[in-house]
Amino acid sequence: MDYEFHWNVVFQNMPELLNGAFVTLHVSVLAMLLGIVIAILLAIAKMNNSKPYCYIATTWVEIARNTPAIFQIYMAYFGLGALGIHLSPYVAVLSALVFINAGYLTETFRGGFQSIPSTQYSASKSLGMTSIQVYRYIILPQMLRRIYHPMTNQFVWSILMSSLGILVGMGELSGTTQRLQSLSFRTLEFFMVAAVMYFIITKLVLISSSLLSRKLFKGEI
Amino acid sequence: MISIQNVHKSFGDLEVLKGVSLDVNDGEVVSIIGGSGSGKSTLLYCINAIENIQKGKIIVDGVDVHSKETNKDKLRQKLGMVFQQWNSFPHMTVLENAALAPRIVKKMSKAEAIEVAKKELVHVGLGDKFDVYPTKMSGGQQQRLAIARALAMKPDYMLFDEVTSALDPELVGEVLDTLRLLADEGMTMICVTHEMGFARDVSDRVAYFHEGVIAELGEAKQVITDPQNPLTQKFLSKVR
Amino acid sequence: MNSLFTPLSWSDTGFILIGVMNTVTISIVAIVLGTLLGLAVGFLRAESSKVVNVLLGSVLDILRSVPLIIQLILFSTFVGAMGYPLDPFVAGSIILSLYTMAFMSEVFRSGFESVHQSMRTSARSP
């Protein structure tokens, strides 16, 4: 094999790579939080009987779930740019991820909510609980257990998909890697380190998520 | 006292209760029997204000259940209810299941609530299951948990909606024994049931529901063993 | 300001159609190859020893937790550096197939393992 590996330049740029990794985590967390908020609203809208709300929610969910993430990111960056709305790469990637997360999580939330039998509600009411108490103590805790793993997966997915920031010159891990390798031409080295960093990030997320779930959920479903 | 006066209840075009009147006195056990769709379970839901009614009145201890001024959450504390499906809260231990409502509805201290819950769990024979999760228990045990959970609210009345009909046959006995125990202790109970032996032996009076009206109401032994109404006779001959 | 964008015209339809065909082709290749490979790997994981399982598992884990775009860049750069540059379509097909394999193998593995306990005992009994 003719290729000679040069790792020095990678190590010299480690602070920048770590900074990129931080931005990756940053954008994914934010995309997740905003996605959750919107998904709650969309799920309520979708379960609502009022036609226009339901229609808007359904359209959102279908578009988000049936188009590739790269399309959303291009739309947010170049598409809106062509219309004169210039988003920074960060905002463009963030809004695309929020859009998709919201679409997927809407279905997760709706499914989680509908999987709880309505008899849990009437049984709780018969004990004299107010509606708020029923949701607070009975419905939502059970729902959280059911949506916890799908939500973790969605978060991991966000981290992986934020790598598409590379295409619009965003300063997250992939984008930073791309920029650094184009300065030094150590493509393999830089991307191998980036791959390892992605691996570590997703593993850490999964491990802490399962530790947290063990602490949160003692009962079995 | 629960006083049911000429109650009408419809689901859309379907009239389920067509003028039902029944007084249940304190300390009395009334069983309601009848075919499926005769409206017997619906009546319990109406007494507990889970369902509203279109006409008539239900008065519990002088309070009109369906009046707008009535605080229904408050009223339900008086009326314990156990359902066909036991509806244990799967994310809580047996003890937490029973202690939750006393704690958050009656605002008892944690220690008080746990004490009450433990007492009622022992009462129904679940004294060794405090820290077990309900999903690990049999249907009969979960149904007894549901009874203890309702009793922990110290209700004045208990409504039982076909509590044994979703159970495996070999588990029916333990739940009926618990009901029998409550009846002996003087609890006022309305039991919708398919267990004719139970209705005959445990209840004071039996009401036979047919198509939304009470077709026959009388002393328990008489209605079950010597029904007067031909409809009751026909029903009982089919059930046996 | 002059726009960088030229409006979409009918002459672009041909390019878009070629793109659509490429998407469909690469998807079919990835699904077919990925499923077949996934079947084989899933079977291996269900049947083999713990050591093999851990090794296979960590490779699959890497495929699942590194972004696809990084895998694509790494793979095509790597084969290029080794002196065997690949057509992007071929490189893409290979990576997508492996990616599909990583997910399908779990499906097949749990399938194989669920059959295990009961079927195996009864199948072995004379």
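Residues numbered from 1 in each chain as written. Chains lettered and ligands numbered in written order. Predicted model: local features only at pLDDT ≥ 70, side-chain atom pairs only at ≥ 80, totals over all residues. Heavy atoms only, no water.

Draft legend 1. Structural detail: the confidence of the model for chain C. Looking at chain C as a whole, its pLDDT mean stands at 86, while 87% of the residues score no less than 70. Two summary scores accompany this predicted model of the complex, namely pTM at 0.82 and ipTM at 0.88. (pLDDT = per-residue confidence, 0-100.)

Draft legend 2. Up close: the sheet that holds strand β4 (residues 55-60) of chain B. Residue and element names in this part refer to chain B. The 4 strands lie next to each other as β2-β1-β4-β5, forming an open sheet whose pairing is antiparallel. Across the chains shown, the open sheet's two edge strands, defined by having one partner strand only, are β2 (14-24) and β5 (63-64). Where β4 and β5 come together, 2 bridges link them in antiparallel fashion. Counterpart to Ile59 in the pairing with β5 is Asp64. Seen against the sheet, helix α1 (residues 40-47) touches β1 (2-11), β2 and β4 and runs at an angle of roughly 115° to β1. (Pairing = 2+ DSSP bridges. Helix = DSSP H or I, 4+ residues; strand = E, 2+ residues; numbered from the N terminus. Contact = heavy atoms within 4.5 Å. Axes fitted to C-alpha atoms, helices over the stretch in contact; angles between N-to-C directions.)

Draft legend 3. The arrangement of the side chain of His91 of chain B in detail. With respect to the helices and strands, His91 of chain B occurs in the loop between β6 (79-82) and α3 (94-104). Judged by its relative accessible area of 7%, His91 of chain B is buried. (Buried < 20%, exposed > 50% of the residue type's maximum accessible area, 1.4 Å probe, protein only.)

Draft legend 4. Spotlight on empty space enclosed by the protein. Following the criterion strictly, the structure yields 2 cavities of 30 Å³ or more and no others. One number sums up the size of the largest cavity: a volume of about 40 Å³. Around the largest cavity, the lining residues are Phe160, Glu162, Val163, Thr164, Leu176, Leu179, Cys191, Val192, Thr193, Glu195 and Phe198 of chain B. Put simply, the parts of the chain that give the lining of the largest cavity at least two residues each are α6 (169-184) and β8 (188-192) of chain B. Grouping the constituent residues of the lining of the largest cavity by class yields 7 nonpolar, 2 polar and 2 charged. Approximately 30 Å³ is the volume found for the second largest cavity. If you go around the second largest cavity, the residues you meet are Ala123, Ser126 and Leu127 of chain A together with Met81, Phe83, Ala146, Arg149 and Ala150 of chain B. The set of elements that each furnish at least two residues to the lining of the second largest cavity consists of α6 (118-126) of chain A together with α5 (139-151) of chain B. (1 Å grid on protein atoms, 1.4 Å probe; cavity = no way out; pocket = protein on both sides within 12 Å on 5 of 7 lines; lining within 4 Å. Points joined across faces, edges and corners; volume = space filled by probe spheres on them. Nonpolar A, V, L, I, M, F, W, Y, C, P; charged D, E, K, R; others polar.)

Draft legend 5. Main features of the environment of Ser105 of chain C. All names here are of chain C. Within the secondary structure, Ser105 is located in helix α4 (residues 88-124). On a C-alpha basis, the gap between Ser105 and Phe43 in space is 8.0 Å, while along the polypeptide they are 62 residues apart. Ignoring any residue separated from it by four or fewer positions in sequence, one finds Ser105 in contact with Gly38, Val41, Gly42 and Leu60. From its side chain, Ser105 meets the backbone oxygen of Ala102 in a polar contact 3.2 Å long. (Polar contact = N/O pair within 3.5 Å; in protein donor to acceptor, adjacent residues only side chain to side chain.)

Draft legend 6. Structural context of the interface of chain A and chain B. Across the boundary between the two partners, chain A contributes 21 residues, which contact 25 residues of chain B. Put simply, chain A and chain B have 1 salt bridge between them. Across the pair Asp73 of chain B and Lys125 of chain A runs a salt bridge, and its minimum N-O distance is 3.1 Å. At the boundary of chain A with chain B, the tally comes to 5 residue pairs in polar contact (both at pLDDT 80 or more). Put simply, the parts of the chain that give the side of chain A that touches chain B at least two residues each are α6 and α7 (131-161) of chain A. Ranked by residues supplied to the side of chain A that touches chain B, first place goes to α6 of chain A with 7 residues. (Salt bridge = Lys/Arg side-chain N within 4 Å of Asp/Glu carboxyl O.)

Draft legend 7. Region of the structure containing the interface of chain C and chain A. Listed per partner, the contact involves 15 residues of chain C and 19 residues of chain A. Summed over the shared surface of chain C and chain A, the result is 1 salt bridge. A salt bridge links Asp61 of chain C to Lys203 of chain A; the nearest nitrogen and oxygen atoms lie 2.8 Å apart. On the surface where chain C and chain A come into contact, there are 1 residue pair in polar contact (both at pLDDT 80 or more). Mapped onto the side of chain C that touches chain A, the elements with two or more residues apiece are α2 (50-65) and α3 (68-81) of chain C. A breakdown of the residues in the side of chain C that touches chain A according to their chemical character gives 11 nonpolar, 2 polar and 2 charged.

Draft legend 8. Structural detail: the nonpolar core. Within the largest apolar cluster, 61 residues are counted, with the highest numbers of intra-cluster contacts made by Leu17, Phe109 and Met129 of chain A together with Ile70 of chain C. Taken together, the elements giving at least two residues each to this core come down to α2 (14-47), α4 (69-82), α5 (89-114), α7, α8 (173-184) and α9 (187-216) of chain A, α3 of chain B together with α3 of chain C. Apart from residues no more than four positions distant in its own chain, Met129 of chain A is found in contact with Ser124, Val134 and Ile138 of chain A together with Asp73, Phe89, Leu100, Ile104 and Val105 of chain B. Val116, Leu151, Val175 and Met189 of chain B belong to the second largest nonpolar core, which has 39 residues in total. (Core = buried A, V, L, I, M, F, W, Y, C linked by side-chain atoms within 4.5 Å.)

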